[in-house]
Amino acid sequence: MGTILVAYGSKEGQTEKIAGRIAMALAAHGYDVRTESVTDDAAGEAVADADAVLVGSSIHMGAHSKQVYAFVREYREDIEARPNGFFQVSLSSALDDEDARAEVATYIDEFVEESGWHPERMAAFGGALRYSEYGFLTRMVMKRIAKGATGDTDASRDYEYTDWDEVETFAADFADFVDSTAGTAAGGAAV
Ligand SMILES: Cc1cc2nc3c(=O)[nH]c(=O)nc-3n(C[C@H](O)[C@H](O)[C@H](O)COP(=O)(O)O)c2cc1C
C-alpha cells in the first residue's frame with residue numbers, strides 16, 4: 001500500500017511514544033511505517049522514499065522543537081509533494097479551559113507561520129509530565145506550572161495526559177486520507 005514516514009521531535013519521550021502509537025495504527029491499516037527522530041539523518045533520507053509524511057513536535061517554553069523546524073524547512077517541498085500531516089504535543093492540550101485552547105491554537109498558528117508549511121491534516125494531543133526525566137530546576141519549574149494547570153505536583157511519579165483514542169482516530173483518519181489520494185497527483189503518481 002505504500003510507506004508512511006512518522007518523523008518526530010521529542011525531548012522527554014511523550015511525542016516519541018505517540019509517534020509509535022500512530023505508527024502501529026497506520027501499520028494496522030496496511031502501510032509500511034518508518035518512525036524516525038528528526039535529529040537522526042535517517043529521517044531526512046526517509047522522506048524521498050515515503051508516500052506520505054507525518055511530523056510531530058512537542059512544545060517547550062511556548063515553542064515547537066527547533067529540530068522539527070529545521071527538518072521541515074529542509075524538506076518542505078518533498079513533504080508538501082506528498083499527503084502530509086502534523087501533530088503537536090503539549091500540556092495545554094491536556095487542559096479543558098478556554099485559555100488553554102487559545103494557547104494550543106496559537107502554537108499551531110505560529111508553527112504554520114514560522115515554518116511556511118500548511119499541513120493537510122493536524123492534531124493537538126495532551127502530553128505528559130515526566131518528573132523522572134527532569135533535572136532539579138526543571139522539576140521545580142514544572143511543579144509550579146502543574147500547580148496552576150493539572151494540579152499534579154507530586155514529583156515522585158510521572159503523569160500522562162494523552163488521550164490514546166484521539167491518537168488512534170487521528171491515525172485512522174490520516175490512513176483514510178492517504179488511501180483517498182492514491183493514484184492522484186498528491187499521492188505521487190503522474191497526472
Ligand atoms: C521545560 C518544559 C517546558 C514546557 N513548556 C510548555 C509550554 O510552554 N506549553 C505547554 O503547553 N506545555 C509545555 N510543556 C509540557 C510539554 O509539552 C509536555 O511535557 C510534553 O509531553 C513534552 O513532550 P516530549 O516528551 O515529547 O518532549 C513543557 C514541559 C517542560 C518539561
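Here the residue index of a chain counts from 1 through its sequence in written order. Local features are withheld for residues below a pLDDT of 70 in this predicted model, meaning they are given only at 70 or higher, and side-chain atom pairs are given and counted only at 80 or more; totals for whole chains, interfaces and linings count all residues. The basis for the side-chain values is all heavy atoms of the structure; hydrogens and waters are excluded.

## Considering the site of the ligand
- Nearness of a residue to a molecule or strand requires only that one of the residue's heavy atoms be within 4 Å of it. In the vicinity of the ligand, 21 residues are found, and the nearest of them are S10, T15, I59, S92 and A128.
- The term polar contact refers here to a pair of N or O atoms within 3.5 Å; inside protein, the definition further demands a hydrogen-donor-capable atom paired with an acceptor-capable atom, and it admits residues adjacent in sequence only when both atoms are side-chain atoms. L91 is positioned such that a nitrogen or oxygen atom in its backbone is 3.2 Å from a nitrogen atom of the ligand.
- A distance of 2.5 Å separates an oxygen atom of the ligand from a polar atom in the backbone of A128.
- Where accessible areas are quoted, they stem from the Shrake-Rupley method and a 1.4 Å probe; at the residue level, only the protein chains shown are allowed to cover. Contact with the protein chains removes 92% of the 640 Å² of surface that the ligand exposes when unbound.
- Helical segments are the DSSP runs of H or I of at least four residues, strand segments are the runs of E of at least two, and each set is numbered from the N terminus. Elements represented by at least two residues in the shell around the ligand include exactly α1 (14-28), β3 (52-60), β5 (84-90) and α5 (136-147).
- The dominant element in the shell around the ligand, judged by the number of residues it contributes, is β3, at three residues.
- Looking at side-chain class alone, the shell around the ligand contains eight nonpolar, 11 polar and two charged residues. The classification used treats Ala, Val, Leu, Ile, Met, Phe, Trp, Tyr, Cys and Pro as nonpolar, Asp, Glu, Lys and Arg as charged, and all other residues, Gly among them, as polar.

## Points about helix α3 (residues 66-80)
- For α3, with 15 residues, the first-to-last C-alpha span of 20 Å sits near the 21 Å given by 1.5 Å per residue.
- Of all bends in α3, the biggest is about 60°, found at E74.
- Per-residue accessibility, obtained with a 1.4 Å probe over protein chains only, is compared with the maximum for each type, and a residue is labelled buried under 20%, exposed over 50%, and partly exposed between these values. When α3 is considered as a whole, its buried residues turn out to be V68, Y69, F71, V72, Y75 and I79.
- Between two residues, a contact is recorded if the distance between any of their heavy atoms is within 4.5 Å. On its buried side, α3 packs onto β1 (3-9), α2 (41-49), β3, β4 (63-64), β5 and α4 (98-115).
- The backbone nitrogen of Q67 has a side-chain oxygen 3.2 Å away, supplied by the residue at the start of α3, namely S65. A helix is expected to reach a length of 1.5 Å times the quantity of its residues less one. Two axes define the bend at a residue: one fitted to the seven residues ending there, one fitted to the seven starting there, and the bend is the angle between them.

## A closer look at the domain arrangement of the protein chain
- For the domain bounds, the source is a domain assignment made automatically or taken from a database. According to the domain assignment, the protein chain contains domain 1 (3-127 + 162-181) and domain 2 (129-161).
- Put simply, buried area is how much 1.4 Å-probe accessible surface two parts lose in total, over both of them, once they are put together. Across the domain 1/domain 2 interface, buried area totals approximately 930 Å², and carbon plus sulfur atoms make up 60% of it.
- Broken down residue by residue, the surface that domain 1 buries against domain 2 is led by E12, L91 and L95, which jointly contribute 51%.
- There are seven residue pairs in polar contact (both at pLDDT 80 or more) connecting domain 1 and domain 2.
- Considering only residue class, the side of domain 1 that touches domain 2 consists of four nonpolar, five polar and three charged.

## Describing the UniProt feature "domain: Flavodoxin-like" (unreviewed entry) in the protein chain
- UniProt positions are given in the numbering used here, feature names are shortened, and annotations may be inferred rather than shown by experiment. When the UniProt feature table is mapped onto this chain numbering, "domain: Flavodoxin-like" (unreviewed entry) sits at residues 4-175.
- Between the C-alpha atoms that bound residues 4-175 the distance is 9 Å, and the span itself is 47% helix and 23% strand.

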